[in-house]
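Understanding the architecture of this molecule
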Amino acid sequence: MRLLLSRRLSRLEDTQALAEEVLGLLPRGALVAIEGPLGAGKTTFVGFLVRALGFPGRVTSPTYTLIHTYPTPEGPVVHADLYRLKDPSLLLGQLEAALEGARLGLVEWGEPHLLGASHLLRLSPEGEARRPARPAKRATTFPSRSTTKVQGWPRTLNRAATSWGRSRSEARRGMKRG
């Protein structure tokens, strides 16, 4: 395994340029371990790389699903995130199977030596313009439902059941919808 690149990224455009540069350096079937602190732009980098390979969809973090596969005209790209695993070696069999025939494998939070990674990429964030702006979330209103308190349920479950049909802010204030 060799260190592919180590860069400081201060803008979203830097991450995109890095992805395009790295793509030209990676042979078919390469497995890249991506290192960096939380918020360094690892998943953002993967998104730019996958889009550069022709995937038109949305790229998301596989933090909870562990592995995502993105089909591209050059072959599938496998994206794994091992952050939440206490023992990442338990996923190695599934990861190897997913990487079979893949154009590229990208693993966040993986030990490069344990993975047998062919390349290592270290990302270091600088500045605040690292991620695309997201629209502000609006309060969600759920459809009205009649609720019944169930004898023996913990108080928190009954509270949750009685808040169904109210917006989050109404539920926090204990208001009923009219």
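We now turn to the structure provided with this report.

Rules of the game
Residues numbered from 1 in each chain as written. Predicted model: local features only at pLDDT ≥ 70, side-chain atom pairs only at ≥ 80, totals over all residues. Heavy atoms only, no water. Helix = DSSP H or I, 4+ residues; strand = E, 2+ residues; numbered from the N terminus. Buried < 20%, exposed > 50% of the residue type's maximum accessible area, 1.4 Å probe, protein only. Contact = heavy atoms within 4.5 Å. Areas by Shrake-Rupley, 256 points an atom, 1.4 Å probe, with all protein chains shown as cover. Salt bridge = Lys/Arg side-chain N within 4 Å of Asp/Glu carboxyl O. Expected span 1.5 Å × (residues − 1). Arc of directions from axis to C-beta. Pairing = 2+ DSSP bridges. Right-handed = clockwise from strand over helix to strand, strands pointing away. Patch = residues over 30% accessible without salt bridge, like charges linked within 9 Å, V, L, I, M, F, W, Y side chains within 5 Å. Core = buried A, V, L, I, M, F, W, Y, C linked by side-chain atoms within 4.5 Å. Phe/Tyr/Trp six-rings, centres within 6.5 Å; stacked < 30°, edge-to-face > 60°. Axes fitted to C-alpha atoms, helices over the stretch in contact; angles between N-to-C directions. Parallel < 35°, antiparallel > 145°, perpendicular 65-115°, else oblique. Left-handed = near helix turned anticlockwise from the far one by under 90°. Nonpolar A, V, L, I, M, F, W, Y, C, P; charged D, E, K, R; others polar.

In this section: the overall build of the chain. A count of helical and extended segments in the chain gives six helices and six strands. Put simply, the chain runs from its N terminus to its C terminus through helices and strands in the order β-α-β-α-β-β-α-β-α-β-α-α. Across the 178 residues in the chain, those meeting the buried criterion constitute 38%. Across the chain, contacts joining residues at least 24 apart in sequence account for 64% of those joining residues at least 6 apart. Here the chain displays about 11,100 Å² of accessible surface, and carbon together with sulfur accounts for 51% of that area.

Overall, the coordinates contain three salt bridges when judged by the stated rule. Here Glu35 ties to Arg122 by a salt bridge, and the two come within 3.0 Å at their closest N and O atoms. You can see Glu35 sitting in strand 2 (residues 30-35) and its partner Arg122 sitting in strand 6 (residues 119-129), a full 87 residues away along the chain. What makes Glu35 partly exposed here is its relative accessible area of 26%. Relative accessible area serves as the criterion here: at 36%, Arg122 is assigned to the partly exposed category.

Compared with an ideal rise of 1.5 Å per residue, which puts 12 residues at 16 Å, helix 1 (residues 12-23) spans 17 Å between its outermost C-alpha atoms and is within 8% of the ideal. Considered for burial, the residues of helix 1 that qualify are Leu12, Thr15, Leu18, Ala19, Val22 and Leu23. Take helix 1 and look down its axis: the buried residues cluster within an arc of 130°, on one side only.

With that settled, consider the pairing of strand 4 (residues 77-81). Within a regular strand, the side chains alternate between the two sheet faces. Counting buried positions along strand 4 gives five out of five residues, so the element sits mostly inside the fold. Sheet analysis places strand 3 (residues 67-70) next to strand 4, joined by four bridges and oriented antiparallel. Within strand 4, the position partnered with Ile67 by the bridge is Ala80. As consecutive antiparallel partners, strand 3 and strand 4 are separated by six residues, and within that stretch Gly75 has a phi angle of approximately 120°, a positive value. One ladder, built from five bridges, connects strand 4 with strand 5 (residues 104-108); its direction is parallel. Bridge pairing in strand 5 places His79 opposite Leu106. Considered for its hand, the β-α-β crossover made up of strand 4, helix 3 (residues 92-99) and strand 5 is right-handed.

Moving on, we get to a nonpolar patch on the surface. A surface patch of nonpolar side chains, about 310 Å² in accessible area, is lined by Leu38, Tyr83 and Trp109. The topology assignment puts Trp109 in the loop between strand 5 and helix 4 (112-115).

The next subject is the nonpolar core. With 25 residues, the main nonpolar core has Phe45, Leu49, Leu104, Leu106 and Leu123 as its most contacted residues. Of all elements in the fold, only helix 1, strand 2, helix 2 (42-52), strand 5 and strand 6 reach the threshold of two or more residues within this core. Leu66, Val78, Leu82 and Ala117 belong to the second largest nonpolar core, which has 14 residues in total.

Tallied over the entire structure, the rule returns two aromatic pairs. Arranged with centres 4.8 Å apart and planes meeting at 55°, the rings of Tyr83 and Trp109 form a pair that is tilted. Separated by 26 residues along the polypeptide, Tyr83 in the loop between strand 4 and helix 3 and Trp109 in the loop between strand 5 and helix 4 bring together distant segments of the chain.

So, about the packing of helix 1 against helix 2. At a minimum axis distance of 8 Å, the contact between helix 1 and helix 2 shows a crossing angle of 50°. Here helix 1 is positioned oblique relative to helix 2, judged by the angle of their axes. Crossing of helix 1 over helix 2 shows right-handed handedness. Contact with helix 1, carried on its side by Leu12, Thr15, Gln16, Leu18, Ala19, Val22 and Leu23, involves Thr44, Phe45, Phe48, Leu49 and Ala52 of helix 2 and no other residues of that element. Residues of the contact of helix 1 with helix 2, tallied by class, amount to nine nonpolar, three polar and no charged.

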